[in-house]
Amino acid sequence: MSDVILDMAEKMEKSVETFKNELSKIRTGRASISLLDGIMVDAYGSAMPVNQVGTLTIPESRMIAIQPWDVQMVPAIEKAILKSDIGLTPISDGKVIRLNIPQLTEERRKGLVKQVKKIAEEFRVAVRNSRRDAIDILKKQKKDKEISEDDLFKLQDDAQSETDSYIKQIDEISAAKEKEVLEV
């Protein structure tokens, strides 16, 4: 395979990984520590991820518990959670912060499925853009007589088959997430 196709496949792989990461932030009915990814706590004068200021556990299927290593961090963690857009209200006893994950309504589930589909389409477009960029480079190489016309067509076919496989991965991941969201 040519370097152009390998670079394209690498970009597509990164797109799929980023897609998985984006989907992990979508809240389902179950507690997941990944819900707290990206929440930064103002700790000791610098912003730190919440998982670096305490222990995160899931004591029940609908609850996340955060036990700060320093009890004085409790207000800062609560503030960071309230400022974030995860839509959960922290409950604290002064030592441990609990986040109860409410049951999702049918309407909210449908809204989340739409959000999953929208994100999936954005990443399908990103994968197709990687293919388009690679084909543009290949056409330029053909124009500059670096590759033959036969090579161009073969490499375009390779690019399309790579694209198809990554789009299939995105579709499968998306379908699994939709199923998870709709699960009661």
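Our structure's up above, just so we're on the same page.
Colleague: Quick question: what am I supposed to make of the sheet that holds strand β5 (residues 90-92) here?
Modeller: Here 4 strands make up an open sheet; going across it, the order is β3-β4-β6-β5 and the pairing antiparallel. Among the strands making up the open sheet, the edge pair consists of β3 (54-60) and β5. The average angle at which neighbouring strand axes cross in this sheet is 25°, direction not considered. For strand β4 (residues 63-68) and strand β6 (residues 97-100), the ladder comprises 4 bridges, and the chain directions are antiparallel. Counted as the bridge partner of Met63 is Asn100 from β6.

Colleague: Explain the environment of Leu6 to me, please; I cannot follow it from the model alone.
Modeller: Take Leu6: it is sitting in helix α1 (residues 3-24). Taking C-alpha positions, Leu6 is 34 Å from Pro49, a pair spaced 43 residues apart along the chain.

Colleague: Before we go on, may I ask you to explain the side chain of Ser2 in this structure?
Modeller: Mapped onto the secondary structure, Ser2 falls in the segment before α1. Classification of Ser2 by relative accessible area gives buried; the value is 18%. At a separation of 3.1 Å, a polar atom in the side chain of Ser2 contacts the main-chain amide nitrogen of Val4. If sequence neighbours within four positions are ignored, Ser2 has contacts with Leu138 and Leu155.

Colleague: Help me out: how do you make sense of the pattern of salt bridges in this one?
Modeller: A side chain of one charge can pair with a side chain of the opposite charge if their charged atoms are brought near each other. Within the structure shown, the criterion is met by 13 salt bridges. Members of the salt-bridge network, linked through shared partners, are Glu121, Arg124, Arg128 and Asp171.

Colleague: How do you make sense of the side chain of Glu178 when you look at a structure like this?
Modeller: Among the structural elements, Glu178 can be located in helix α4 (residues 149-182). No salt bridge forms around the buried Glu178; measuring N to O, its nearest opposite-charge neighbour Lys117 is 4.2 Å away. Those residues in contact with Glu178 that sit more than four places away from it in its chain are Val113, Val116 and Lys117.

Colleague: Which parts of the structure should I look at to understand the packing of aromatic side chains?
Modeller: Geometrically, a pair of aromatic rings is defined through the distance of the ring centres and the angle of the planes. Per the counting criterion, the structure on display carries 1 aromatic pair. With a centroid separation of 5.5 Å and an interplanar angle of 50°, the aromatic rings of Phe19 and Phe123 are classed as tilted. In this pair, Phe19 sits in helix α1 while Phe123 sits in helix α3 (residues 106-143), placing the two residues 104 residues apart along the sequence. The two residues Phe19 and Phe123 agree in class, both being buried.

Calculation notes
Residues numbered from 1 in each chain as written. Predicted model: local features only at pLDDT ≥ 70, side-chain atom pairs only at ≥ 80, totals over all residues. Heavy atoms only, no water. Pairing = 2+ DSSP bridges. Helix = DSSP H or I, 4+ residues; strand = E, 2+ residues; numbered from the N terminus. Axes fitted to C-alpha atoms, helices over the stretch in contact; angles between N-to-C directions. Buried < 20%, exposed > 50% of the residue type's maximum accessible area, 1.4 Å probe, protein only. Polar contact = N/O pair within 3.5 Å; in protein donor to acceptor, adjacent residues only side chain to side chain. Contact = heavy atoms within 4.5 Å. Salt bridge = Lys/Arg side-chain N within 4 Å of Asp/Glu carboxyl O. Lys, Arg positive; Asp, Glu negative; His and termini not counted. Phe/Tyr/Trp six-rings, centres within 6.5 Å; stacked < 30°, edge-to-face > 60°.

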